[in-house]
Amino acid sequence: MRTVLRIAEVPRGKAMSRIITLTGAKGSGKSSLFRGLQRQESVALFNQAYFVQSPGRAAQLAGVPLGQGGSDDGHLHFCEHYVSVLNSGKVNPTIIADRCFVDHLAYVRMLSQNPNIIRLMETLASLVIPAYQMVFVCKLNSSTRSFKYDTETLEFREEIQRQIMTICDEYGASYQLLEGSEADFLEAALKYGESLDV
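Below, the structure is looked at part by part.

Calculation criteria
- Residues numbered from 1 in each chain as written.
- Predicted model: local features only at pLDDT ≥ 70, side-chain atom pairs only at ≥ 80, totals over all residues.
- Heavy atoms only, no water.
- Pairing = 2+ DSSP bridges.
- Helix = DSSP H or I, 4+ residues; strand = E, 2+ residues; numbered from the N terminus.
- Axes fitted to C-alpha atoms, helices over the stretch in contact; angles between N-to-C directions.
- Contact = heavy atoms within 4.5 Å.
- Parallel < 35°, antiparallel > 145°, perpendicular 65-115°, else oblique.
- Left-handed = near helix turned anticlockwise from the far one by under 90°.
- Nonpolar A, V, L, I, M, F, W, Y, C, P; charged D, E, K, R; others polar.
- Expected span 1.5 Å × (residues − 1).
- Buried < 20%, exposed > 50% of the residue type's maximum accessible area, 1.4 Å probe, protein only.

1. Concerning the sheet that holds strand 2 (residues 50-52)
- Reading across from one edge, 2-3-1-4-5 is the order of the five strands in this open sheet, with parallel pairing throughout. Among the strands making up the open sheet, the edge pair consists of strand 2 and strand 5 (175-178). Neighbouring strand axes in the sheet, compared pairwise and without regard to direction, differ in orientation by 20° on average.
- The pairing of strand 4 (residues 134-138) with strand 5 spans four bridges and is parallel. Note on strand 5: the bridge partner recorded for cysteine 138 is leucine 178.
- Across the sheet, helix 8 (residues 154-170) is in contact with strand 1 (18-24), strand 4 and strand 5; its angle to strand 4 comes to roughly 160°.

2. A closer look at the packing of helix 2 (residues 30-39) against helix 9 (residues 182-194)
- Close contact between helix 2 and helix 9 brings their axes to 10 Å; oriented N to C, the two are set at 50°. Viewed along their axes, helix 2 and helix 9 adopt a mutual orientation that is oblique. The two elements helix 2 and helix 9 meet at a crossing, and its hand is right-handed. Where helix 2 abuts helix 9, its residues Ser32, Leu33, Gly36 and Leu37 lie against Glu182, Phe185, Leu186, Ala189 and Leu190.
- In the contact of helix 2 with helix 9, the residues fall into six nonpolar, two polar and one charged.

3. Let's talk about helix 7 (residues 115-128)
- Look at helix 7: 20 Å from first C-alpha to last across 14 residues, which is about the 20 Å you get at 1.5 Å a residue.
- Among all positions in helix 7, only Ile117, Ile118, Leu120, Met121, Leu124, Ala125, Leu127 and Val128 are buried.

Below, the structure is given as C-alpha cells:
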C-alpha cells in the first residue's frame, strides 16, 4: 500500500539530480564496479557522488527471500527502495546506485503470477526508468557465467540478462552495455564520467 501511495511522488522525466545505475544479472560484476567507482578519486562526478548500495543484503537480513525464491511481498519491498532512491535525487546532486528498477522489473516478470503486481511495477517502471541519466548494464562473461549461487541457476541468470536488455529498450532507458572484464567495466564507466560536467 505504501508503494501505491508513493507513485505520485515519482518525478516525471529526468530527475532533479544525475542518477546513474548499475544493473545486470546476479554475479555479472555490478557490485565490483560499484566498489571500484567508490574508491576512485580522479573523476569528479564519482568522487562527489552519493552511493546507494544494493538492497539485497538488507533485504536478506530482514528475511526477504531473494533470487528465484522471490515473492510478491519481496517485490513490493524492493520497489519501496527503488522509488526512495529516485526521490533522494531531490537532495543529492549525483547518485550512483547498485541495482535499479530495470533488474527489479526483470525479476517481477520472471517470478510473479499476480497480474496486478506486474501492472503496478510496469506503471512505475514507465515513470522511474526514464529518470535515470545512465544505466550501465553489466553483461555476463565466460568467467562470471561459471559462478554458482544457491539462489539462482545459470539459466535463470541468463534469462534475467535477456529481460534486462528488453526492458531497457522497451522503456527507452539511456544505457551502455558493458562487456569484458571488471577492469573493462570500470574503464568504460570512468570514461563516461569524464565526459560529463559536474
